[in-house]
Amino acid sequence: MASTASMAPTAPVARFRSVVVDCPEPRELARFYARVGGGTPDEEDPDWVVLQVPGGPRLSFQRAEDLTPPEWPRSDRNAQQFHLDFDGGATWAEMDAAHERVLALGARPLDLEDREKKGFMVYADPAGHPFCLCRIEHP
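Everything numeric here is computed off the predicted structure, so don't read it as measured data.

Caption draft 1: Molecular detail of the environment of tryptophan 72. Within the secondary structure, tryptophan 72 is located in the loop between β4 (58–63) and β5 (84–89). Taking C-alpha positions, tryptophan 72 is 9.2 Å from glycine 128, a pair spaced 56 residues apart along the chain.

Caption draft 2: Expanded view of the pattern of salt bridges. Following the criterion strictly, the structure yields 12 salt bridges and no others. Among the salt bridges present, the one from aspartate 96 reaches arginine 115, with a minimum N-O distance of 2.5 Å. Separated by 19 residues along the polypeptide, aspartate 96 in helix α2 (residues 92–105) and arginine 115 in helix α3 (residues 115–118) bring together distant segments of the chain. Here aspartate 96 falls in the partly exposed class, since its relative accessible area comes to 35%. Several salt bridges converge on common partners, so that one network encompasses Glu25, Asp47, Arg63 and Glu65.

Caption draft 3: Representation of the layout of surface pockets. Space inside the largest pocket adds up to approximately 230 Å³. Every residue lining the largest pocket is counted, 14 residues in all, and those nearest its centre are Leu67, Pro70, Gln81, Phe82 and His129. Among the elements that line the lining of the largest pocket, the one with the most residues is strand β1 (residues 19–23), at three residues. The class makeup of the residues in the lining of the largest pocket is eight nonpolar, five polar and one charged. Size it by volume and the second largest pocket reaches roughly 160 Å³.

Caption draft 4: Region of the structure containing the nonpolar core. The biggest cluster of nonpolar side chains holds 24 residues, and the ones touching the most others in it are Leu29, Tyr33, Phe61 and Phe131. Among the secondary structure elements, those contributing two or more residues to this core are β1, α1 (26–37), β3 (48–52), β4, β5, α2, β7 (120–124) and β8 (130–135). With five residues, the single largest contributor to this core is α1. Every residue in contact with phenylalanine 61, bar those within four places of it in the chain, is listed here: Val21, Cys23, Pro26, Leu29, Ala30, Tyr33, Asp47, Trp48, Val49 and Leu51.

Conventions adopted
- Residues numbered from 1 in each chain as written.
- Predicted model: local features only at pLDDT ≥ 70, side-chain atom pairs only at ≥ 80, totals over all residues.
- Heavy atoms only, no water.
- Helix = DSSP H or I, 4+ residues; strand = E, 2+ residues; numbered from the N terminus.
- Salt bridge = Lys/Arg side-chain N within 4 Å of Asp/Glu carboxyl O.
- Buried < 20%, exposed > 50% of the residue type's maximum accessible area, 1.4 Å probe, protein only.
- 1 Å grid on protein atoms, 1.4 Å probe; cavity = no way out; pocket = protein on both sides within 12 Å on 5 of 7 lines; lining within 4 Å.
- Points joined across faces, edges and corners; volume = space filled by probe spheres on them.
- Nonpolar A, V, L, I, M, F, W, Y, C, P; charged D, E, K, R; others polar.
- Core = buried A, V, L, I, M, F, W, Y, C linked by side-chain atoms within 4.5 Å.
- Contact = heavy atoms within 4.5 Å.

On their own, these measurements won't tell you what the molecule is for.
Right under this line is the structure:
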């Protein structure tokens, strides 16, 4: 177990800048996530598109022509390296509405089983990256 001294806050080495997502079509994927989480993509460079999610992280999308999407939920080969979680609402009615909206935007369901028990549903974005809609009870 870690000692209390090793868990004390320390000065950061660097400030967090962004999450970078490899994809074959940066503009398209940035537009997808802008519709899911908000914001307006900066599309000046077709190979590097930046999206500042309001109240959230900066997402950058970089061109990777031959991207092979992860084989969710596998971990033995071509595993997911990260995934994004989105607040889908506090109620199952809000989650159901968010579910319908992400499907209409081009998401593909990966795991919708036991959603009430787990509190989330897993999808693939148009490039094949996993992301979740999570049920978050707001205080």
